[in-house]
Amino acid sequence: MTLAVRVPEELSARVPAEQRGPGLDRDAVRLLVSRGTEVSHHSFGELPLLLRAGDLLVVNTSPTLAAAVDGRIGHARVVVHFSTRGDDGRWAVELRDPDGRGTTRARAGGPAGTEVRLPGGGRLVLEEAVSGRLWWARVDGGDVLGLLREHGRPIRYSYTERDQPLSVYQTVFALPSPDGAGSAEMPSAARPFTARLVAELVSRGVQFAPVTLHTGVASAEAHEPPYPERFSVPEASARLINAARAGDGRVVAVGTTAVRAVESAVGADGVVRARAGWTDLVVTPERGVRVVDGLLTGLHEPEASHLLMLEAVAGRAAIDRGYEEALRRTYLWHEFGDVHLLLPQEGPHTEHCGRNCW
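Quick summary incoming for the structure in this document.

For Thr-330, which is not glycine, the phi dihedral falls at a positive 50°. Even without a glycine there, the phi angle at His-334 is positive, about 80°. Structurally, His-334 is set in the loop between α7 (316–328) and β16 (339–343).

Further remarks concern the sheet that holds strand β14 (residues 275–279). With mixed pairing, the nine strands of this open sheet are ordered in space as β2-β1-β16-β15-β13-β3-β11-β12-β14. Single-partner strands in this sheet number two, and they are β2 (38–43) and β14. Sheet twist, expressed as the average angle between the axes of neighbouring strands with direction ignored, equals 20°. Here strand β13 (residues 251–254) pairs with strand β15 (residues 294–298) via three bridges, running parallel. Across the sheet, residue Val-252 finds its bridge partner in β15, namely Gly-294. Those strands touched by helix α6 (residues 306–314) are β15 and β16, and its axis lies near 150° from that of β15.

Right, let's get into the pattern of salt bridges. Under the definition given, this model contains 29 salt bridges. Across the salt bridge formed by Asp-87 and Arg-230, the nearest N and O atoms sit 3.0 Å from each other. One end of the pair, Asp-87, is in the loop between β5 (76–85) and β6 (91–98); the other, Arg-230, is in strand β12 (residues 229–233), and 143 residues separate them in sequence. The closest approach of N and O atoms between Arg-196 and Glu-200, which form a salt bridge, is 3.7 Å. Note that Arg-196 and Glu-200 are positioned in helix α3 (residues 195–203) at a spacing of four residues, about one turn of the helix.

Before going further, it helps to spend a moment on the pairing of strand β3 (residues 56–60). With five of its five residues buried, β3 lies for the most part within the structure. Across the two faces of β3 the burial is the same, with Leu-56, Val-58 and Asn-60 and Leu-57 and Val-59 all buried. Both β3 and strand β11 (residues 207–213) contribute to a ladder of five bridges, which runs parallel. Counterpart to Leu-57 in the pairing with β11 is Phe-208. As paired strands, β3 and β13 are joined by three bridges and run parallel to one another. In the strand pairing of β13, Leu-57 is matched with Val-252.

Scoring rules and cut-offs
- Residues numbered from 1 in each chain as written.
- Predicted model: local features only at pLDDT ≥ 70, side-chain atom pairs only at ≥ 80, totals over all residues.
- Heavy atoms only, no water.
- Helix = DSSP H or I, 4+ residues; strand = E, 2+ residues; numbered from the N terminus.
- Pairing = 2+ DSSP bridges.
- Axes fitted to C-alpha atoms, helices over the stretch in contact; angles between N-to-C directions.
- Contact = heavy atoms within 4.5 Å.
- Salt bridge = Lys/Arg side-chain N within 4 Å of Asp/Glu carboxyl O.
- Buried < 20%, exposed > 50% of the residue type's maximum accessible area, 1.4 Å probe, protein only.

The following block contains the structure:
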């Protein structure tokens, strides 16, 4: 799916919401709400008024890693983005060129055998292509997580204004993984949530179902489809999701990563079961969604593959209309930007049209 729009450069969110003025918190972003092609405009703090008792928010607990590390190929400086750790100890990585402004630009990957010198005397060797820009690589000694802790920094793209500490890229739902794994980039749809807002939602009867999906690097330039990522849907969350679907509650995923995780755990019978491993699921309009009724997500680039998932949840007309309004009202894009809540259309016909009725 490609939207016939261009996002003006000035609509890129360059700093987090809490840094845009005194007294602001993470929830100081705008919330575009789409119910079918009906659009309304809110502050994110109004989210508890837009949900109802019995609704269930599916949230991704993956922590964000300091996944960018400086390196050298010969005399040339490069930046390594560590994306995903494989079962064999290798990592899917992307090599990028420094752009002289503290950020990076795309670099042609490969060839196999390319060696990158890393801080502390380590060495990374590219072994085989994953897809597009990404390569499976092996690091001497294998302690990549230690390398990231000591020498890494959060991945930053050129539309941002300056480097930020890792804490800025952690959501309120982030939990340490037992094996130290995490996401190369923040599951950013959850960033506007604060502890206060979560408490208010719980007090109103909204429930939370934690899942985990360790997301790799985004396709900021190439708009490639996602590749296999590690995920987990625990038994308790599966039960919560099934209970909400059996009742009157709506299952609303917080972020496309949460959609991918929970849709990877549903069987042909429509029942969500505890599951963990790798998912290569790509949610498209043709495949559709079997679990989620709604989606809270950021605003995506016009050619991003994530838009296919949004269309699967809400329909093409709803996405076109929502993005038209987002541009007209100058909403902000990217991980520090505003957010979009897609909810089922409400009306006299709703109870008769089944789940995911738009």
